[in-house]
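Chain by chain, the residues:
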Amino acid sequence: MSVPNPSAAITSSPRPSPELVFVSGSDQRKIVVDHVPFTVGRKPDRDLTITDTRVSRDHAVIEREGSDFLVVDAGSAGGTFVNGEKIDRRKLNSNDRVEFGAKGGPYFVFSPTGSEHVERATEVSAIARVSVFSKLSQPDIEELTKIVKAKKYASDKAVFFQGDPSDSLYIVVKGSVKVAKASEDGHEKILDILGTGEIFGELAMLDGHPRSATVTTCEPTELAAISRSDFRDYVSTHADIIWKVLESLCERVRKTSTDMLELSSREVPYRLLAALSQLAEKHGQVAADGSCLISGSFAGINGLVAMVGSSKDVVSRLLHRYQEEGLIELGNNKLIIPDPKVLARALENSSQWS
């Protein structure tokens, strides 16, 4: 990477300063690149600070050459991607999608010429993050977005109920959803909390069997849906894609089955630590000091009880013990993990005796 010159305002050209539309989960905002170099990374003093752990502390920089703007990767661990292609250095054009840390990671749209380009980038980024589409090429993903339909839900609204007919796969674009089943004793068992970039109902594309669980929004949520009929029409003219999807789907099912089998054999302390660690990784908001905030109904006692499959008394007692040990800080429907690495070590140690 070239060493950038001291920061300078963009005033030497009649061309206006370019605008970025930055998107990370539910966070979307406009940023004007009014000086170069314009730095991107996890450090709090970067021009664009991204707290996602996939992003390096010094990740990338926007530079200028004549009238052109370029994005330069600063030796990041996860890489910088322009329109799905990993780059070291690339000239930026209007409506380019620049992702950080992974394909489908936090991104910005460079100098968008209209809101439809931002919406299009959001759909492409959502598809790129989906595990069952991970083997698709960038052109395949671009083509697949043509059959995606956007849906919006308020908080605590059912997307579908257990036993409903299956008709679509859903991708979480913004927000989060709860996947739950009713146990034999009538209590709710939370199977998972899914956030941005995760999918549910994927088997509906293949077998059309009734829904095996109820999915409810945890907050205002935007979903991208692909109907079974549209997907079947799509793969009828893209036969090679179905094999790529099946390969990824088999990998996902195999991993899910292994994880569930392992958790079912563990004691409650381990299951609770695993749930806290998963919530921190998938839904936590990382602060500049490295602490992690988990908020929402699933961070409350009832949500955690439903996740680990135990009693309220046992989970409450364990939470207070973990707070005394400095692993967590309790609040009203929120948790703070002071140091996620310490929590991860506690989970690893717990696995030795659970």
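These remarks concern the structure in this document.

Parameters at a glance
- Residues numbered from 1 in each chain as written.
- Predicted model: local features only at pLDDT ≥ 70, side-chain atom pairs only at ≥ 80, totals over all residues.
- Heavy atoms only, no water.
- Core = buried A, V, L, I, M, F, W, Y, C linked by side-chain atoms within 4.5 Å.
- Buried < 20%, exposed > 50% of the residue type's maximum accessible area, 1.4 Å probe, protein only.
- Helix = DSSP H or I, 4+ residues; strand = E, 2+ residues; numbered from the N terminus.
- Contact = heavy atoms within 4.5 Å.
- Patch = residues over 30% accessible without salt bridge, like charges linked within 9 Å, V, L, I, M, F, W, Y side chains within 5 Å.
- Areas by Shrake-Rupley, 256 points an atom, 1.4 Å probe, with all protein chains shown as cover.
- Salt bridge = Lys/Arg side-chain N within 4 Å of Asp/Glu carboxyl O.
- Axes fitted to C-alpha atoms, helices over the stretch in contact; angles between N-to-C directions.
- Parallel < 35°, antiparallel > 145°, perpendicular 65-115°, else oblique.
- Left-handed = near helix turned anticlockwise from the far one by under 90°.
- Nonpolar A, V, L, I, M, F, W, Y, C, P; charged D, E, K, R; others polar.
- Pairing = 2+ DSSP bridges.
- Arc of directions from axis to C-beta.
- Phe/Tyr/Trp six-rings, centres within 6.5 Å; stacked < 30°, edge-to-face > 60°.
- Lys NZ or Arg CZ within 6 Å of the ring centre and 35° of its normal.

Further remarks concern the nonpolar core. Counting 32 residues, the largest nonpolar core has Leu272, Leu276, Ile294, Leu304, Tyr322 and Ile328 as the members making the most contacts within it. Elements represented by at least two residues in this core include exactly strand 18 (188-194), helix 5 (268-283), strand 23 (292-295), helix 6 (301-308), helix 7 (312-324), strand 25 (334-337) and helix 8 (340-350). Per element, the largest residue contribution to this core is 9 residues, and it comes from helix 5. Beyond its immediate stretch of four places on either side in the chain, Leu276 contacts Ile294, Leu304, Leu319, Tyr322, Ile328, Leu335 and Leu343. In this structure, Val132, Phe133, Phe231 and Ile242 belong to the second largest nonpolar core, which totals 25 residues.

Together, Leu203, Leu206 and Val253 make up an exposed nonpolar region whose accessible area comes to about 230 Å². The topology assignment puts Val253 in helix 4 (residues 239-264). Residue classification places Val253 among the partly exposed positions, given a relative accessible area of 40%.

The interhelical angle for the contact between helix 5 and helix 7, taken along N-to-C directions, is 65°, at an axis separation of 11 Å. Here helix 7 runs roughly perpendicular to helix 5, going by the angle between their axes. In the crossing of helix 5 with helix 7, the sense of the turn from one axis to the other is right-handed. Residues Val268, Pro269, Leu272, Leu273 and Leu276 of helix 5 touch helix 7, and the partners they reach there are Val314, Val315, Leu318, Leu319 and Tyr322. Looking at the contact of helix 5 with helix 7, its residues break down into 10 nonpolar, no polar and no charged.

Spatial strand order, 14-21-16-19: 4 strands in an open sheet with antiparallel pairing. The open sheet is flanked by strand 14 (149-153) and strand 19 (199-200), the only strands paired with a single partner. Here helix 3 (residues 228-236) sits on the sheet in contact with strand 14, strand 16 (168-174) and strand 21 (221-227), set at roughly 50° to strand 21.

Moving on, we come to helix 3. Of the positions making up helix 3, those classed as buried are Phe231, Tyr234 and Val235. One side of helix 3 holds all its buried residues, which, seen down the axis, span an arc of 90°. Opposite the buried face of helix 3, at more than 90 degrees from it, the exposed residues are Arg232, Asp233 and Ser236.

Moving on: the packing of aromatic side chains. Counted under the stated rule, the structure contains 5 aromatic pairs. With centroids separated by 6.1 Å and ring planes inclined at 50°, the aromatic side chains of Phe69 and Phe110 adopt a geometry described as tilted. Separated by 41 residues along the polypeptide, Phe69 in strand 8 (residues 68-73) and Phe110 in strand 13 (residues 107-110) bring together distant segments of the chain. The pair formed by Phe69 and Phe110 is uniform in burial state, with each residue classed as buried. Taken together through their ring pairs, the aromatic side chains of Phe160, Tyr170 and Phe200 make up a single cluster. The ring of Phe160 is capped by Arg211, whose NZ or CZ atom sits 4.0 Å from the centre of that ring.

Worth remembering: the numbers are spatial, not functional.
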